[in-house]
Amino acid sequence: MENCIFCKIINGDIPANKVYEDDYTLAFLDIRPSNHGHTLVLPKDHFENIYTLPDETLARLMLTVKKVSLAVKDSMDADGINISMNNEEAAGQIIFHAHIHVIPRKSND
Ligand code: AMP
Ligand code: ZN
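Rules and cut-offs
Residues numbered from 1 in each chain as written. Chains lettered and ligands numbered in written order. Predicted model: local features only at pLDDT ≥ 70, side-chain atom pairs only at ≥ 80, totals over all residues. Heavy atoms only, no water. Helix = DSSP H or I, 4+ residues; strand = E, 2+ residues; numbered from the N terminus. Rg over C-alpha atoms; globule rule 2.2 N^0.38 Å. Contact = heavy atoms within 4.5 Å. Areas by Shrake-Rupley, 256 points an atom, 1.4 Å probe, with all protein chains shown as cover. Near = heavy atom within 4 Å. Nonpolar A, V, L, I, M, F, W, Y, C, P; charged D, E, K, R; others polar. Buried < 20%, exposed > 50% of the residue type's maximum accessible area, 1.4 Å probe, protein only. Polar contact = N/O pair within 3.5 Å; in protein donor to acceptor, adjacent residues only side chain to side chain. Donors = N, O, S within 2.8 Å, 3.2 Å for Na, K, Ca; no water. Tetrahedral: all angles 85-135°; square planar, octahedral: opposite > 155°, others 65-115°.

*Asks:* Any chance you could explain the overall build of the protein here in plain terms?
*Replies:* Each helix and strand counted, the protein has 2 helices and 5 strands in total. Each helix and strand of the protein, ordered N terminal to C terminal, gives the series α-β-β-β-α-β-β. Compactness check: the protein gives a C-alpha radius of gyration of 13 Å against a globular reference of 13 Å for 109 residues, within 12% of the reference. Taken along the three principal axes of its C-alpha coordinates, the protein extends 40 × 30 × 25 Å. Counting contacts in the protein only where the partners sit at least 6 residues apart, residues at least 24 apart contribute 52% of the total. Carbon and sulfur atoms form 51% of the exposed surface of the protein, whose accessible area is close to 6800 Å².

Here's what the structure looks like:
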């Protein structure tokens, strides 16, 4: 998809701090993290949001979200993890390539 910044990261046209990659999904650090270790997980195919994600793609995405959550929890020594997804502008979506936020939390943050 032209002009999609996340597609450009997937294609290697712009850099990102990748933390996980397989044939279907990619995870990299958020450029403006809510917390240290804030990671984004996305499908390599371009879909705008949850409504248009095929079930199979969504299932693969969530398997990666689980893997990344465990890795982030371990590496950040997190006490908890927030998992969230913004869908449409009214919900705060600013990048229109579906993605899931994995945000490590500390007890007193
Ligand atoms: P949202 O669409 O609201 O879920 O937010 C998109 C997220 O992407 C924000 O948290 C941004 O900080 C993050 N973001 C935007 N551009 C980049 C980039 N080039 N590399 C990493 N994260 C980015
Ligand atoms: Zn895209």
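*Asks:* Please explain the site of ligand 1 as it appears in this structure.
*Replies:* Within the structure, ligand 1 sits among 16 residues, and Asp30, Gly92, Ile94, His99 and His101 are positioned closest to it. For ligand 1, the accessible surface in isolation is 510 Å², of which the surrounding protein chains cover 87%. Looking at the shell around ligand 1, the elements with two or more residues in it are helix H1 (5-10) and strand E2 (25-29). Tallied by class, residues from the shell around ligand 1 come to 9 nonpolar, 5 polar and 2 charged.

*Asks:* Explain the side chain of Asn49 to me, please; I cannot follow it from the model alone.
*Replies:* When you line up the elements, Asn49 lands in the loop between strand E3 (39-43) and helix H2 (55-76). Judged by relative accessible area, Asn49 falls into the buried class, the value being 7%. For Asn49, the side chain forms a polar contact with the main-chain nitrogen of Tyr51, separated by 3.1 Å. Not counting the four nearest positions on each side in its chain, Asn49 is found in contact with Met85, Asn87, Glu88, Gln93 and Ala98.

*Asks:* Where do I start with the coordination of the zinc ion (ligand 2) in this structure?
*Replies:* Six octahedrally arranged donors around a metal ideally form angles of 90 or 180 degrees; four tetrahedrally arranged donors ideally form angles of 109.5 degrees. Ligation of the zinc ion (ligand 2) by protein atoms is provided by Cys4 (SG), Cys7 (SG), His46 (ND1) and His97 (ND1), these donors lying 2.0 to 2.3 Å from the ion. Taken together, the 4 donor atoms coordinating the zinc ion (ligand 2) span angles of 102 to 116° at the metal, a pattern that classifies the geometry as tetrahedral. Sequence spacing among the residues donating to the zinc ion (ligand 2) works out to C-x2-C-x38-H-x50-H. Pair noted here: Cys7 is in helix H1 and His46 is in the loop between E3 and H2, with a separation of 39 residues, a long-range link. Its relative accessible area of 23% is what places His46 among the partly exposed residues.

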